[in-house]
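The residues making up each chain are set out below.
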Amino acid sequence: MNDIMKKTYELIDVLEESELINEISRCRDKISKNHDLSELIRKGNSTNDEYMLLDIKRRLYKNKDYKSYMDKYNELMYIVMDINYRYNKLLGKGSCHK
């Protein structure tokens, strides 16, 4: 296995053991056990009404577990985007199949 792959797997292992992932998991578990939140999320995912969706989002963000989950999830996504940006910067856009 080359060094890049090895280090990437090590990074994934570190992320899996991080407090960020642990907090996301804790919040996700609390949310899934909360019937009211689960129902709001289900309604939000099934509606096309923008006003209803905004109201659902407003109600969801009043819950500290949901807000914390989304904050941590966004933090993780920024980390992933930064890693992807750095890989793309190093490797280019993969233009060998033009």
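Relevant structure appears above.
These numbers come from a predicted model, not from an experiment.

S.K.: I keep staring at the overall build of the protein chain and nothing clicks. Help me out?
M.R.: Of the regular secondary structure elements, the protein chain holds five helices and zero strands. C-alpha atoms of the protein chain, sized along the principal axes, occupy 50 × 35 × 15 Å. A burial count over the protein chain gives 18% of its 98 residues as buried. Of the roughly 8300 Å² of accessible surface on the protein chain, 55% is carried by carbon and sulfur atoms. Of the charged side chains in the protein chain, 19 are positive and 17 negative; the average position of the first set lies 3 Å away from that of the second.

S.K.: How should the packing of helix α3 (residues 35-46) against helix α4 (residues 50-61) be read in this particular structure?
M.R.: For any two helices packed against each other, one specifies the inter-axial angle together with the distance between the axes. Their axes nearest at 10 Å, the elements α3 and α4 cross at an angle of 155°. Relative to α4, the element α3 is oriented roughly antiparallel. Where α3 crosses over α4, the two elements pack in a sense that is left-handed. Of the residues in α4, those touching α3 at L37, L40, I41, K43 and G44 are L53, I56, R59 and L60.

S.K.: How do you make sense of the environment of D29 when you look at a structure like this?
M.R.: Checked against the element boundaries, D29 lands in helix α2 (residues 19-33). Classification of D29 as partly exposed rests on a relative accessible area of 38%.

S.K.: Whenever I open this one, α2 confuses me. Can you help?
M.R.: Since the α-helix packs 3.6 residues into each turn, any two residues three or four apart lie on the same face. Its 15 residues give α2 an end-to-end C-alpha distance of 21 Å, which sits within 8% of 21 Å, the value for a rise of 1.5 Å per residue. Buried within α2 we find L20, I24, C27 and I31. Each buried residue of α2 sits inside an arc of 70° when the element is viewed along its axis, so together they form one side. Exposed side chains of α2 directed beyond 90 degrees from the buried face belong to E19 and K33.

S.K.: Where do I start with the nonpolar core in this structure?
M.R.: When a protein is soluble and globular, its nonpolar side chains tend to lie buried together. Membership of the largest hydrophobic core is limited to 12 residues, which are L20, I24, C27, I31, L37, L40, I56, L60, Y66, Y69, M70 and L76. Contributions of two or more residues to this core are made by α2, α3, α4 and α5 (64-91).

Cut-off values and rules
- Residues numbered from 1 in each chain as written.
- Predicted model: local features only at pLDDT ≥ 70, side-chain atom pairs only at ≥ 80, totals over all residues.
- Heavy atoms only, no water.
- Helix = DSSP H or I, 4+ residues; strand = E, 2+ residues; numbered from the N terminus.
- Buried < 20%, exposed > 50% of the residue type's maximum accessible area, 1.4 Å probe, protein only.
- Areas by Shrake-Rupley, 256 points an atom, 1.4 Å probe, with all protein chains shown as cover.
- Lys, Arg positive; Asp, Glu negative; His and termini not counted.
- Charge placed at Lys NZ, Arg CZ, Asp CG, Glu CD.
- Axes fitted to C-alpha atoms, helices over the stretch in contact; angles between N-to-C directions.
- Parallel < 35°, antiparallel > 145°, perpendicular 65-115°, else oblique.
- Left-handed = near helix turned anticlockwise from the far one by under 90°.
- Contact = heavy atoms within 4.5 Å.
- Expected span 1.5 Å × (residues − 1).
- Arc of directions from axis to C-beta.
- Core = buried A, V, L, I, M, F, W, Y, C linked by side-chain atoms within 4.5 Å.

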